[in-house]
Each structure stands twice: as C-alpha cells, then as structure tokens.
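Summary of the model geometry
Chain by chain, the residues run as shown.
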Amino acid sequence: MSSLLLTDETSQRLIFRKLEPSDFDSWLPFYQEPLSTAFWTGLPTDAETACQQSFDRTFFRYENNLGGMNVLIHKETNAFIGLCGLLVQTVDDKKEIEIGYSILPKFWKKGYATEAAIKCKNFARQHEISDALISIIQINNTPSQKVARAVGMQIEKTTLYKANKCHIFKIQL
C-alpha cells in the first residue's frame, strides 16, 4: 500500500499538508465550539486537552504508517480551513480505510469538507490504496452524513464504534 498521506496534493481551493505542532492554536477553535464535538461521546471537555489528544493521535498515525489527517490550507488566503485524510481504522474487527474530515466552525457550510473528501477518494482510487473506503459517522451527525453522501457513500451498517452508535458509510472504488 502506498502512503495514505496527501502531502502537497491540491484540490480546487485547497492545499493538503502534514499537521505540525505549530498548528495547535489554529486547530484549537474546533474544540472550543461545542457543536464541533456535540455528536461524539468520550472526548475531553477541556478544549486544550481534546486538541492535544487529537494532535497526539495524528502524530502517532504518521509515525506508524496508519495514514492521518492533513491540514487543509486555502490556496488564495492561506487560511487554515480544517483537517481531512485517509486513516487506517478497525471497525468490527475488520481493517478499513476511512476518509475523515473536520472543518473549523467559521468555514462550515462552504463545501470544504466535501471538496477535501472527494480529493481523498480520488487519491485512494488513483493510488490503488483500497477497493473501498468508509466514513465512521455518529448516527445523529447529519452534516457529516451529507458530506459522505456527496462523496458517493451509502450506509453499509450501523455499529458501535468507540462507545458511539455510528453509521458506517461505504463506497466501492
């Protein structure tokens, strides 16, 4: 399997790059907005702790070739938009490749998650990373479900994932 990271890839409006420790303050507002994590139980309530755990998971993934979230930078403004990437996940004892996406609240509803997720799907297809991709989405998270559907995914099943009832959206490549 080739690398799951989309470092230096681009889409219409976005540049993908690896997360850096210096990005902490740019990503912290995601965890300061209660709606960002409203659907997911088990996260720390302190925004700085939640952000640090997110960074730790991402750097662990990088170091262990488990994919990881890429920073999304706006091509024209250099604004930090959010994170998106291909992640090795285990769902119901099966190894899968997930498209994960999270966008800073001030950039919600502008199509960035869909644009980035489609880029991830096309990258995975082009590099023959997997024959299918999933997205793990809490059952009440309608905005993320809309993105998965826009990428062409459909609900494959509903399961418990990290103590959260989730729909597993899937697309064959």
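Look up: the structure comes first, before these words.
An account of the accompanying structure is given in this report.

How each quantity is defined
Residues numbered from 1 in each chain as written. Predicted model: local features only at pLDDT ≥ 70, side-chain atom pairs only at ≥ 80, totals over all residues. Heavy atoms only, no water. Helix = DSSP H or I, 4+ residues; strand = E, 2+ residues; numbered from the N terminus. Rg over C-alpha atoms; globule rule 2.2 N^0.38 Å. Buried < 20%, exposed > 50% of the residue type's maximum accessible area, 1.4 Å probe, protein only. Contact = heavy atoms within 4.5 Å.

If you tally the helices and strands in the protein chain, you get 4 helices and 7 strands. The N-to-C order of helical and strand elements in the protein chain reads β-α-α-β-β-β-α-β-α-β-β. For 173 residues, the compact-globule estimate of 2.2 N^0.38 gives 16 Å, and the C-alpha radius of gyration of the protein chain, at 15 Å, lies within 12% of that figure. Based on the C-alpha atoms only, the size of the protein chain along its principal axes is roughly 35 × 35 × 30 Å. Every one of the 173 residues in the protein chain was classed for burial, and the buried ones make up 49%. In the protein chain, the proportion of contacts linking residues at least 24 apart, taken out of those at least 6 apart, comes to 62%.

What follows covers the environment of Arg125. Within the element layout of this structure, Arg125 appears in helix α3 (residues 112–126). Exposure remark for Arg125: the relative accessible area of 41% places this residue in the partly exposed category. C-alpha separation for the pair Arg125 and Leu173, spaced 48 residues apart in sequence, amounts to 6.0 Å.

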